[in-house]
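# Coordinates in review
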Amino acid sequence: MKIKLKDIRLFARHGVMQDEQTIGAWFRVSLSVSADVEKATFTDNLEDTLSYATMADIIKEEMEKPSKLLEHVAGRMARRILIEMPDIKELTITVSKENPPIGMECESSSVELTLGR
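Residues numbered from 1 in each chain as written. Predicted model: local features only at pLDDT ≥ 70, side-chain atom pairs only at ≥ 80, totals over all residues. Heavy atoms only, no water.

### Quick notes on the sheet that holds strand β1 (residues 2-12)
- The strand order β1-β2-β3-β4 describes an open sheet built from four strands, whose pairing is antiparallel. Both edges of this open sheet fall to β1 and β4 (108-116), since each of them pairs with a single strand only. Going from strand to strand, the sheet's axes swing by 15° on average, the running direction of each strand aside.
- Of the pairings in the sheet, the one linking strand β3 (residues 88-98) to β4 comprises nine bridges and is antiparallel in character. Across the sheet, the residue bridging to E98 is S108, located in β4.
- In the packing of helix α3 (residues 52-63) onto the sheet, contacts are made with β1 and β2 (25-35), and the angle to β1 comes to roughly 30°.
- Across the sheet, helix α4 (residues 70-84) lies against β2, β3 and β4, angled at about 150° from β3, the strand it touches most. (Pairing = 2+ DSSP bridges. Helix = DSSP H or I, 4+ residues; strand = E, 2+ residues; numbered from the N terminus. Axes fitted to C-alpha atoms, helices over the stretch in contact; angles between N-to-C directions. Contact = heavy atoms within 4.5 Å.)

Structure below.
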């Protein structure tokens, strides 16, 4: 089964340019994880699935640590989620920066990373 969190919106200070790290910007993070949580479809017990809140907390905590590259942020989040949630078989995380400073109008720039066991 896949469990997804879509477009968590957070303010953070990621970017190569000093202004990006000083002023900050808005980011969106989406996560899709694959895990065997079929038992929860029968029991209706939180213990038989994965906690969305735990995944969201990890994303929030890692977004608070400034990085130059979105690739680095995505990698940190993905590895930490896999370590702390061993029932996940595979995950895909997308980190998007709203209105990136590229010299023209652009809704967002993104990186997407898929990791598995």
